[in-house]
Amino acid sequence: MNVMITGGAGYIGSHAVKILLERGYNVSVIDNLSTGYMDSVDKRAIFHNIDIRDKDLVVNVLKSDHIGAVIHFAAFSLVGESMQVPLKYYDNNVYGTKVLLDAMNEAGVKHIVFSSSAAVYGDRSTMPITEEVLEVPTSAYGETKLAMEKMMKWADIAHGIKYIALRYFNVAGAYQTGEIGESHNPETHLIPLILQVPLGKREHISIFGNDYDTPDGTCIRDYIHIEDLIEAHILAMHKIIETNKSDIFNLGSGEGYSVLEMIESARKVTKQPIKSIISERRAGDPARLIASSEKAEKELKWVKKYNDVSSIISSAWKFHQLHKDGFKNEN
Ligand code: UFG
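Along every chain, residues carry numbers that run from 1 in the direction the sequence is written. Residue-level local features of this predicted model are given only where pLDDT is at least 70; pairs of side-chain atoms are given and counted only at 80 or more, and the full residue set underlies all totals for whole chains, interfaces and linings. Only heavy atoms go into the side-chain values, all of them from the structure, while hydrogens and water stay out.

**As for the site of the ligand**
Line of reasoning, step 1. Surveying the vicinity of the ligand reveals 21 residues, the closest of which are Leu190, Ser206, Arg221, Arg282 and Asp285.
Line of reasoning, step 2. Under this definition, polar contacts are N or O atom pairs within 3.5 Å; protein pairs additionally need one hydrogen-donor-capable and one acceptor-capable atom, and for neighbouring residues in sequence, both atoms have to be side-chain atoms. Measuring from an oxygen atom of the ligand, one finds a side-chain N or O atom of His189 at 2.8 Å.
Line of reasoning, step 3. In the model, an oxygen atom of the ligand is placed 2.5 Å from a nitrogen or oxygen of the Asp285 side chain.
Line of reasoning, step 4. For every accessible area listed, the method is Shrake-Rupley and the probe measures 1.4 Å; residues are considered covered only by the protein chains on display. When the ligand is considered free in solution it has 690 Å² of accessible area, and contact with the protein chains removes 90% of it.
Line of reasoning, step 5. Mapped onto the shell around the ligand, the elements with two or more residues apiece are α6 (190-196) and β8 (205-208).
Line of reasoning, step 6. Every helix listed is a DSSP run of H or I at least four residues long, and every strand listed is a run of E at least two residues long, numbered separately from the N terminus. Residue contributions to the shell around the ligand peak at four residues, all from β8. Near, as used in this document, describes a residue that has one of its heavy atoms within 4 Å of the molecule or strand being considered.

As structure tokens, then:
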């Protein structure tokens, strides 16, 4: 089958590209390289340097590459930035998805797997979070992801475009060979920032608050390995094609780890001391986010391969040692 991956040059998208190619799918990538890297895109994919907001170009790709399904990652994803420049997020994420759905409708492509986020839930007290929990996003980023989901619901009702929205918790780790991994500029995510210390690129890791209502006072998150995450996308794609039904699934591990536990695990993996200091809370961080992924396990028959954070951190460490400066674009 021919699959179009939007945002295929980004962290999550580039892993989807590689894993789908390994499984024998033909992959077309569209990416405007605004935050992604050409070096992370597997050379076997057909690459189109275009923006999802350019409908005619997207329609051309859908038609000329005979696309059967779309996996949609292209979006801005920094919670903090979304609070400073929300309209930038509405333009790329919400308007971009609107144009993509228009293009799919015009080209007659009716299946889409969509990268949503735990950010749609906001700061909930019920743990673990199931798909039934009311969505109350606390950031512009989370609002745009929820708006994208709602738009898909109406595009399904009106145009029969079937979607599966996958709400990710904390995606981490790297492809087993270390060829590709997480490379953001600027980097804001915990694991790559911790690993910058043993790489000699940062003197210490800052712990954003140790006075939360958690056992050690630091925030708890649910970390899910990138390869397990992509596996769920493949299962979701087949589920839509088989059942012709839209749905929503959480993707997490069901286990929570505190910032302190993550740093300790990274010390063991890297065998280096990793200096940490306590700093101020980061605005908008919920104390605890843990997913229930029972629905995905049951209905998608999703089975995770990476069940402990040390294997997730080990894979990230392999990537970062091979790519000390991450990926860079020439321009
Ligand atoms: N943290 C630190 N120090 C750092 C960086 C992060 O203590 O230098 C802490 C954060 O405060 C948080 C935890 O580490 O408690 C994880 O932070 P990340 O930035 O790695 O991830 P978030 O949980 O903030 O964000 C993730 C996804 C977002 C998504 C969000 C949903 O990366 O895309 O979950 O709430 F929107």
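**Brief notes about the sheet that holds strand β3 (residues 46-48)**
Neighbouring strands of a sheet are bound in pairs by backbone hydrogen bonds; such pairs are parallel or else antiparallel.
Line of reasoning, step 1. Pairing in this open sheet of seven strands is parallel, and the strands run β3-β2-β1-β4-β5-β6-β11 from one edge to the other. Each edge of the open sheet is held by one strand with a lone partner, namely β3 and β11 (247-251). Within this sheet the neighbouring strands show an average axis-to-axis angle of 20°, counted without direction.
Line of reasoning, step 2. Relative to strand β6 (residues 162-168), strand β5 (residues 111-117) runs parallel, the two sharing seven bridges. Bridge pairing in β6 places Ser117 opposite Tyr168.
Line of reasoning, step 3. Pairs of residues are marked as contacts when any of their non-hydrogen atoms sit within 4.5 Å. Orientation is described by axes fitted as lines to C-alpha atoms, over the contacting stretch for helices, and by angles from 0 to 180 degrees between their N-to-C directions. Strands β1 (2-6), β2 (26-30), β4 (69-72) and β6 of the sheet are contacted by helix α1 (residues 11-22), whose axis makes an angle of about 165° with β1. For two strands to be treated as a pair, DSSP must find no fewer than two bridges joining them.

**A word on the side chain of Ser293**
Line of reasoning, step 1. Here Ser293 lies in the loop between β13 (276-279) and α9 (294-299).
Line of reasoning, step 2. Of the polar contacts made by the side chain of Ser293, one reaches the backbone nitrogen of Gly252; its length is 2.8 Å.
Line of reasoning, step 3. When neighbours within four sequence positions are excluded, Ser293 is seen to be in contact with Asn250, Leu251, Gly252, Ser253 and Trp302.

**Quick notes on the packing of aromatic side chains**
Line of reasoning, step 1. Centre distance within 6.5 Å is the pairing criterion for rings of Phe, Tyr and Trp, where only the six-membered ring of Trp is used; planes under 30 degrees apart are then read as stacked, over 60 as edge-to-face, and the remainder as tilted. Inspection of the entire model under this criterion finds four aromatic pairs.
Line of reasoning, step 2. One aromatic cluster is present, formed by Tyr37, Phe319 and Phe327 through successive ring pairs.
Line of reasoning, step 3. Sitting over the ring of Tyr212, Arg281 keeps its end group 3.9 Å from the ring centre.
Line of reasoning, step 4. Here, a charge over a ring is recorded when the distance from Lys NZ or Arg CZ to the ring centre is within 6 Å and its angle to the ring normal is within 35 degrees. Lying across the ring of Phe249, Lys295 places its NZ or CZ 4.8 Å from the centre.

**Regarding the pattern of salt bridges**
Line of reasoning, step 1. Just to be clear on terms, a salt bridge is a Lys or Arg side-chain nitrogen sitting within 4 Å of an Asp or Glu carboxyl oxygen. For the coordinates displayed, the defined rule picks out 22 salt bridges.
Line of reasoning, step 2. With its nearest N and O atoms 2.9 Å apart, the salt bridge here joins Glu135 to Arg167. Here Glu135, found in the loop between β5 and α5 (140-159), pairs with Arg167, found in strand β6; they are 32 residues apart in sequence, far enough to count as distant.
Line of reasoning, step 3. A 1.4 Å probe rolled over the protein chains alone gives each residue an accessible area, and that area as a share of the maximum for its type sets the label: buried under 20%, exposed over 50%, partly exposed in between. Look at Glu135 and you get partly exposed, because its relative accessible area is 22%.
Line of reasoning, step 4. Three or more residues are tied together by salt bridges with common partners; here these are Lys18, Glu22, Asp42, Arg44 and Glu179.

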